[in-house]
Amino acid sequence: MKVVDLMHLLEAENLTKEVSLEGEVTCGYSCDLLSWVLAHGKQGMGWATVQSHVNVIAVSVLMEMACVILVEGVEPEDATLAKALEEGMPILSTEKTAYEVCGIMCKAGVAVPGR
Amino acid sequence: MADYIIRDSYPVQTAAYESAGDASARIKRKLKQLGIDSAILRRIAVASYEAELNLIIHSHGGELIMEMTPKSIVLISKDVGPGIADISQALKEGYSTASEEARDLGFGAGMGLPNMKRNADSFDITSEVGVGTTIQMGFQIA
């Protein structure tokens, strides 16, 4: 599904209005350890996290992810938002927990990333 | 004569968390322009970002060097200290000496060096306490 479809499914808000939501979400993931995400992140990933600092964008861009999903209403730092807009990385924001987000993605058929 | 056709150096400063990934992004952009295969490019990007993070978290400052030869990309991470006392321990997954500050940001999972090793076709690390650490990673492109 596309990022925009995932946004609707999660009842999430798009924090990066200028960024295209047409990218394909090919797998889903949740983790707050950036080092771990670097080892296991995949291209096209929809990544749910509570981390809100700018390094989240560096990681998601380097891994060529589809979008970052900030859960439980966590707000991105200004630098994070600015970097996301600059790099064209969508940030979705939801009040749901990472657990709920993953449940919804799983149920909708978003793949578990292959190892 | 050197056998590389391109050689770029990117300085990385201690504790520069805000700009972490900038050097790696520049390397990735350049290699993309040069037409490097995207799967190889992603491996290089992860390895260079891990190296960049290590320089930021652990070193007294250093640089990332990217060399391109007709057959390979070589990434070199070079710092001016403090050096690693026990390299075999540092190479173990889960072992980390990262600061509280780094851990708060979600780093310091002890995956850096193993992740570099996993993504590179060749991996070599030398270190001397009080002098510095040099990591050399090779990626075959032809």
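Here is what the cut-offs are and how they apply
Residues numbered from 1 in each chain as written. Chains lettered and ligands numbered in written order. Predicted model: local features only at pLDDT ≥ 70, side-chain atom pairs only at ≥ 80, totals over all residues. Heavy atoms only, no water. Helix = DSSP H or I, 4+ residues; strand = E, 2+ residues; numbered from the N terminus. Rg over C-alpha atoms; globule rule 2.2 N^0.38 Å. Buried < 20%, exposed > 50% of the residue type's maximum accessible area, 1.4 Å probe, protein only. Contact = heavy atoms within 4.5 Å. Areas by Shrake-Rupley, 256 points an atom, 1.4 Å probe, with all protein chains shown as cover.

Details of the overall build of chain B
Check the secondary structure of chain B and you find 5 helices and 5 strands. N-terminal to C-terminal, the α/β element order of chain B is β-α-α-β-β-α-α-α-β-β. Taken against the 2.2 N^0.38 rule, which gives 14 Å for 142 residues, the C-alpha radius of gyration of chain B at 14 Å falls within 12% of a compact globule. Taken along its principal axes, the extent of the C-alpha atoms in chain B is 40 × 30 × 25 Å. A total of 142 residues make up chain B; the buried ones form 52% of that total. If you take every contact in chain B between residues at least 6 apart in sequence, the share linking residues at least 24 apart comes to 64%.

Describing the overall build of chain A
The secondary structure content of chain A amounts to 5 helices and 5 strands. Each helix and strand of chain A, ordered N terminal to C terminal, gives the series α-β-β-α-β-α-β-α-β-α. The C-alpha atoms of chain A give 12 Å as radius of gyration, which agrees with the globular expectation for 115 residues (13 Å, within 12%). Considering only C-alpha atoms, chain A reaches an extent of 35 × 30 × 25 Å along its principal axes. Looking at chain A as a whole, 55% of its 115 residues are labelled buried. The contacts in chain A between residues at least 6 apart in sequence include a share of 49% that link residues at least 24 apart. Of the roughly 5000 Å² of accessible surface on chain A, a fraction of 53% belongs to carbon and sulfur atoms.

Side note on the side chain of Asn55(A)
Turning to its location among the elements, Asn55(A) is positioned in helix α3 (residues 55-62). What makes Asn55(A) buried here is its relative accessible area of 2%. Contacts of Asn55(A), omitting those with residues within four sequence positions, involve Leu34(A), Tyr17(B), Ala20(B), Tyr49(B), Leu105(B) and Phe107(B).

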